[in-house]
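# Reading the structure
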Amino acid sequence: MAAHLKKRVYEEFSKVSQQVTLEEVPAKKLRLTKPSKSAALHIDLCKASSPTDALQHLLNFARKPVEAESVEGVVRILLEHYYKESDNSVRLKIASLLGLLSKTQGFSPDCVVDDAINTLNSEKSNQVLAQLLDTLLIIGSQLPDKIAVIQRLIDVACKHLSSTYFGVRNKCLQLLGCLGTVDKPLSKETDTGPGAQTSPVRDVQSVISDFFQDQDPRVRTAAIKAMLQLHERGMKIQQTIYNQACKLLSDDYEQVRSAAVQMVWVLSQLYPESIVPIPSSNEEIRLVDDSFGKICHMVSDGSWVVRVQAAKLLGSMHQVSPHFLEQTLDKKLMSDLRRKRTAHERAKELYASGEFSSGRRWADDAPKEKVDTSGVNLIDSGACGAFVHGLEDEMYEVRISAVEALCSLAQSSPSFAEKCLDFLVDMFNDEIEEVRLQSIHVLRQISTHITLREDQLDTVLAVLEDSSRDIREALHELLCYTNVSTKDCIQLALVELLKNLTKYPTDRNSVWKCLKFLGARHPTLVLPIVPELLSTHPYFDTPEPDMDDPAYIAVLVLVFNAAKSCPTMPALFSDHTFRHYAYLRDSLSHLVPHLRLPGRKQTAGSGLEVSGVGSGSLESAQNFLQDSLIRVSALHNLETPGAQDLLEFTIRDLQRLGELQTELAGSADFCATYLHCQLLLTKALQEKLWTMAVPLCLKQNAKVSTAARQILDETYKLEFLYSGLETQQIATIHNVRLQAKALQLILTARSKQGVDRVLGVCEKFLQDVESFQRLFMIELPHFQDSFVEKLLELMPRLTACKPLDLVKILQTTLRQSRFIHLKLPEQIHRASATIIEPTGESDNPLKFTSGLVVALDIDATLEHVQDPQTTVKVQVLYPDGQSHIIHPKPGDFRTPGPGRVRLITQVYLSHSAWTEACQIEVRLLLAYSSSSSKQSVSKPAWNESMDGLPSSESCIEGTIHLSKPVKVFIMPKPTRR
Amino acid sequence: MPEIRVTPLGAGQDVGRSCILVSIGGKNIMLDCGMHMGYNDDRRFPDFSYITQNGRLTEFLDCVIISHFHLDHCGALPYMSEMVGYDGPIYMTHPTKAICPILLEDFRKITVDKKGETNFFTSQMIKDCMKKVVPLNLHQTVQVDEELEIKAYYAGHVLGAAMVQIKVGSESVVYTGDYNMTPDRHLGAAWIDKCRPDLLISESTYATTIRDSKRCRERDFLKKVHETVERGGKVLIPVFALGRAQELCILLETFWERMNLKAPIYFSTGLTEKANHYYKLFITWTNQKIRKTFVQRNMFEFKHIKAFDRSYADNPGPMVVFATPGMLHAGQSLLIFKKWAGNEKNMVIMPGYCVQGTVGHKILNGQKKLEMEGRATLDVKLQVEYMSFSAHADAKGIMQLIRMAEPRNMLLVHGEAKKMEFLKDKIEQEFSISCYMPANGETTSIVTNPSVPVDISLNLLKREMALGGPLPDAKRPRTMHGTLIMKDDSLRLVSPEQALKELGLSEHQLRFTCRVLLHDPHSDTDTLGRIYTHLKSVLKSYSIQHVSDGTVIVESIVIKVTSSAEEPNLKVILLSWSYQDEELGSFLSTLLKKGLPS
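Nothing here was measured: the structure is a model prediction, and the numbers come from that model.

The next subject is the nonpolar core. With 182 residues, the main nonpolar core has Leu-78, Leu-136 and Ile-208 of chain A as its most contacted residues. Not counting residues up to four positions away in its chain, the partners in contact with Leu-136 of chain A are Ala-116, Ile-117, Leu-120, Leu-153, Val-156 and Leu-175 of chain A. In this structure, Ile-65, Val-142, Val-144 and Ile-201 of chain B belong to the second largest nonpolar core, which totals 131 residues.

Think of a sheet as strands paired side by side through backbone hydrogen bonds, with each pair either parallel or antiparallel. Residues and elements named next belong to chain B. Pairing within the open sheet is mixed, and its three strands lie in the order S23-S25-S24. The open sheet has two edge strands with one neighbour each: strand S23 (455-456) and strand S24 (483-487). Here S24 pairs with strand S25 (residues 490-494) via five bridges, running antiparallel. Note on S25: the bridge partner recorded for Lys-487 is Ser-490.

Enumeration according to the criterion identifies 26 aromatic pairs over all chains in this entry. Grouped by ring-pair contacts, the aromatic residues Phe-45, Phe-48, Tyr-79, Phe-107, Phe-120 and Phe-121 of chain B constitute a single cluster. The aromatic ring of Phe-517 of chain A is capped on one face by Lys-516 of chain A, whose charged end is 5.4 Å from the ring centroid.

This part takes up a nonpolar patch on the surface. Residue and element names in this part refer to chain B. Taken together, the side chains of Ile-456, Leu-458, Leu-461, Met-465 and Met-480 present a nonpolar region at the surface, about 390 Å² in accessible area. A per-element tally of the nonpolar patch places helix H13 (residues 458-467) first, with three residues. Mapped onto the elements of the fold, Ile-456 is located in strand S23. Residue classification places Ile-456 among the partly exposed positions, given a relative accessible area of 32%.

Domain parsing of chain B yields domain 1 (3-210 + 391-442), domain 2 (214-386), domain 3 (457-503) and domain 4 (511-594). A straight line from the C-alpha centre of domain 3 of chain B to that of domain 4 of chain B covers 34 Å.

Before going further, it helps to examine the packing of helix H14 (residues 254-270) of chain A against helix H15 (residues 287-298) of chain A. Residues and elements named next belong to chain A. Following both chains from N to C, one finds H14 and H15 inclined at 160°, their axes separated by 9 Å at the closest point. Comparing their axes, H15 and H14 come out roughly antiparallel. In this structure, H14 meets H15 at a crossing whose hand is left-handed. Contacts between H14 and H15 involve Arg-257, Val-261, Val-264, Trp-265, Leu-267 and Ser-268 from the first element and Leu-287, Val-288, Ser-291, Ile-295 and Met-298 from the second. Class assignment for the residues of the contact of H14 with H15 results in eight nonpolar, two polar and one charged.

Cut-offs and rules
- Residues numbered from 1 in each chain as written.
- Chains lettered and ligands numbered in written order.
- Predicted model: local features only at pLDDT ≥ 70, side-chain atom pairs only at ≥ 80, totals over all residues.
- Heavy atoms only, no water.
- Core = buried A, V, L, I, M, F, W, Y, C linked by side-chain atoms within 4.5 Å.
- Buried < 20%, exposed > 50% of the residue type's maximum accessible area, 1.4 Å probe, protein only.
- Contact = heavy atoms within 4.5 Å.
- Pairing = 2+ DSSP bridges.
- Helix = DSSP H or I, 4+ residues; strand = E, 2+ residues; numbered from the N terminus.
- Phe/Tyr/Trp six-rings, centres within 6.5 Å; stacked < 30°, edge-to-face > 60°.
- Lys NZ or Arg CZ within 6 Å of the ring centre and 35° of its normal.
- Patch = residues over 30% accessible without salt bridge, like charges linked within 9 Å, V, L, I, M, F, W, Y side chains within 5 Å.
- Areas by Shrake-Rupley, 256 points an atom, 1.4 Å probe, with all protein chains shown as cover.
- Salt bridge = Lys/Arg side-chain N within 4 Å of Asp/Glu carboxyl O.
- Domains from an automatic or database assignment.
- Axes fitted to C-alpha atoms, helices over the stretch in contact; angles between N-to-C directions.
- Parallel < 35°, antiparallel > 145°, perpendicular 65-115°, else oblique.
- Left-handed = near helix turned anticlockwise from the far one by under 90°.
- Nonpolar A, V, L, I, M, F, W, Y, C, P; charged D, E, K, R; others polar.

The following block contains the structure:
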């Protein structure tokens, strides 16, 4: 009964005070005013009979947001109850609520600081104390520039540092870390001298570092974290704590060690060059080397979390001296006290001595020289073998981080890259695919520094038989960038790639591409083996190979690409090779380069032209693009005669330019599309229908309305298909879109008679204008004389007037408004996609029983698509007009390179029975929603629940075609009974 | 001083017959109970008569702990428990408990059925023995009795291998058994927390070896197998049934899977199938990869590896066969070897060490013609490869374990004396802890310094806390006053008052009195007044009272002045202080002896 009553009271309070806020019409957001919120809470808390009850109320209360203006009242009420409350848990909740409330946007918590600090003095429970300190921390971080408040908070924290409860000490340290800069400002200049530092209050750093020795590991961790926090906030950490931090590396607790590793790393980055003594000897080394050694040591820590962290951090220590760096890969082997060579060394020697194959005899790795027992250092002081350990670790997380660290270090040091090669190649045989993949990627990244030896290449190539497609493709990618040393290597690679091709025919494209680069990279190595590759004979004619054989094409791709920079090579070709060249150059132009062939004038001539465009003309093309834009921008009124022709020509030019110059394709297309919109708009406005009487213009209407729709579509394409747009361009696009919408509105008004309908459309339009104003306020100066500007000027009138007047106003503004010129942004890329698989060439229908599903493999590459996981969809269009949209799993997207995404997924098809096989269309779509463009959806201020907050904008969702459709032959058979 | 005594009955400066006796805190524990592969006589088993000449062992041993299922660690168990006689608990991990009897039974069969030995333990004895086993879980602390507790840690090496921590009070010993610090294809690496035992007993098989990365070896192995199979050859891999065999199986299985190979792999049957069954069950004991993927597919459910049948050896085409025994001295592996030896396309890979005299040893040394029984000779044309896969920690691994556990003393077993010597030096040099390496039967005593726990009364602690600084400072020791009561096997520290109360004693006060002669011309009361003012000026922070009955009281010290009868100027100052104020009292007496300022 009591509960019911309470509910009633609450309901009444909220009912009376419901107010519709005016600004946001569509959302119809409810807002509770101050008295109701705090009063309701007050009543609730007063009524609560038991602490559990009160807690329940507070929890309920916390689920709803509170407006900035009512926060203070609520805080007062909470504080009042805080003092009255005897139950710890309730006080704890109140304290946490205070913190949450102070985070409310637009509320300045300085008015509650005093009260919050006061509560601390009387508090007995340690848990509540800790929570209160947390609240103070939040308040403090809300008021970063109130020095006095912060100083007070720091004093409070220092006072409570001596608490016996670890939680309180933790929070105090956290507070010091987040706020403490005041005692010792960052800039030394503000110090008046040495005297200033001897103030009674010690500087924050030494206070915090005292707690490095605390008895509680949690407090030790908090102390280090606080120190790291100081560092993150830009405060210079003193070098003096280095020794303390190093001691903590051998702490008993993993979280302490983990934090300490970070601390040591931070210090090594801050003071890389300062000199530290080596204990137990009087030598000195650079701090970065010392800390590198220490972090290396942590790679063999007992806890894998620490190991992962240590391995990761090693990768970012680029200043370390090469001597130490190379030690990380060093592992002296020993067998029965005799020095033994590692397998890597043996492989290298075998290679050097020219002997092939190894390990025929037992004990060919038999140890040779005797090791001096006193010289063997079993425990690695310092960096020795850190990566050797890391790469052999039990946990794959550690191995992956070690591989990544190796990569990062190798990129900055070529000699190290050379050394770590063997180890990376070894990782190709890891048991976990992720690690294998990662090491292949890493090797690709550092491949500029290295040349593979034959035995290494052998190991690398062995992976080509892997059944995982990702691994194989990563390896192809790697081979594209690899340098090899001998012609045997080329032959080996070719043989293995061909083997791969026969085993996995789907790899065709990837293998060809790989051979293209391999050939282009090593023309001189390919040259001596050309006769063998093409199986030509000096005297005898050999049979002509089958032109459709993928393996033969692969060989040709290799040879032709090598021949490009090796003019002597074509002399070795036989007749049919030339014929095949001509065929391949045509059919696989992306794989086969243009060759200067003797006696083939006709191809040579056309080739010269193309190559002329290729190299030096980027700049001129860019100039051309600029010129055309300037030419167009000279037009002020598109209705002048000749203007439209000029536009049309420019559009044509731009489109052609885009085809010729791939670098500028994005920009050119973008401009062309934009101009096309303008052209359409102008044409539509010039139609006679505006002067015609309403009933007569129905036919014309159709034409104009298609134009309007087309413009709308194009603007969406402009906005979402191109990446690299700046706000100004987006605003321009929106302007055009508004124009198109205005056009539509006018058409509706003219063709439809009912005022009600027009009313709705008008409102919608006005909202659009408003949202434009909201979004692009700063861009408005660029829009002089534009449609939007004029509209905004007229806005007060527009909102007041009747729909029909509105339409009239729009009509005149549309005709008067100036055409906005596009300022070309730096880099525009057009999102594009190509479906590689299915090819659409197959004549064999995919047969399946109707009603059941069949899986269709789809393999596509996407370029310049932002956030493909959420935007790219697959559309399947059946002959009967049914269309399905399929969302691929996020895991189906792979990123082989920057800006490129590969989608390999399966699409499930199903249909009822057909009498004969028919084609379906598969294509990729780009989904967009207009609300997801630049506006950030404001999140509820301080808690997780979203109820009562509908999304602010009704978003327009749609899709753009991203790729050409591919036809697939399918045949659902009726079920046999 | 309390001490821990360790006596190896086997594995002291030797490999095989692991059996170590440990006495710690009045408890006797036997660690492992293995047999020696090299002997067929009495030396095969540890000499249990060292423990007692006659009668059963039960009353002399508190528990027996078996680290893993290898016969050199558990082979003598039924002999000890059933034939010598032991009824106490035997601890081993679950996988060990499951697999151990299979191996023991096999061992029994070979010795009794094949070699015809008598006076050996029977199948029933193995069963009876296994009934005494108490299984252990990893990281589970098991209370053997009220004081003795044991805890198992993961050791790698073979499935179910464990390191054991034995703890009595604050004294503790860690026994590693055999362990491996680098993970392999089916097992993880050994791990222990920073338990700081008084003694770490470690194996030291590879005390003088630092091994190369495992990956190179694996890669070589796979490459060789792959090449042979591609050539159409047959590969024979002689193995022992348990341990390495599973690792190699996994290695080949995953490789076949990865590379999409089709050639069949066979495993000659026998106890392997039973053992594989247990490997499937004890997934939690394997490495990260297997543990993570077993939900989709249990790695030990081999897709490509099938049971071998004698007739398959003559099948055409490539194949890989695992066959027992590992040294090619008898059985199926030798049979297959004879069939395949003539073809140079084939290959045999020896994955382990071979004893002298076996066929394995001969071919590894490059012998091309083998004499078979019946004067026949066999031409060895097939390729012979050697590939070592062993799962013991190398020197670096041992050092790493020491660094992990931070023991106070080290003891090496399960290794050759010469190699141990080297490692011992290194350990002493690098960790500066003492290291021992007793021979069989030799006892090592390690003096421990156990901490004695004392209960302190809360009141006393709080009072002390209130006196001193706010927090106990870990860096500085603090002294406190209290009374230590030793009663009924418990130690308590309480405040003196409480002690008196508890013991029913009345408090005695001990006071010191002292006379100081002082020349002072003033009257008694004046002198006292002057003393009062003097003290007041010297001892500023003490409470000093001038009581009307002619005394000055400083804290608990009473000062009186009387003039001597003979000489009025000579004043006798009477000082009296209690024992607790001894310091202040003696200070005052010396101060007054110096006289008063005029």
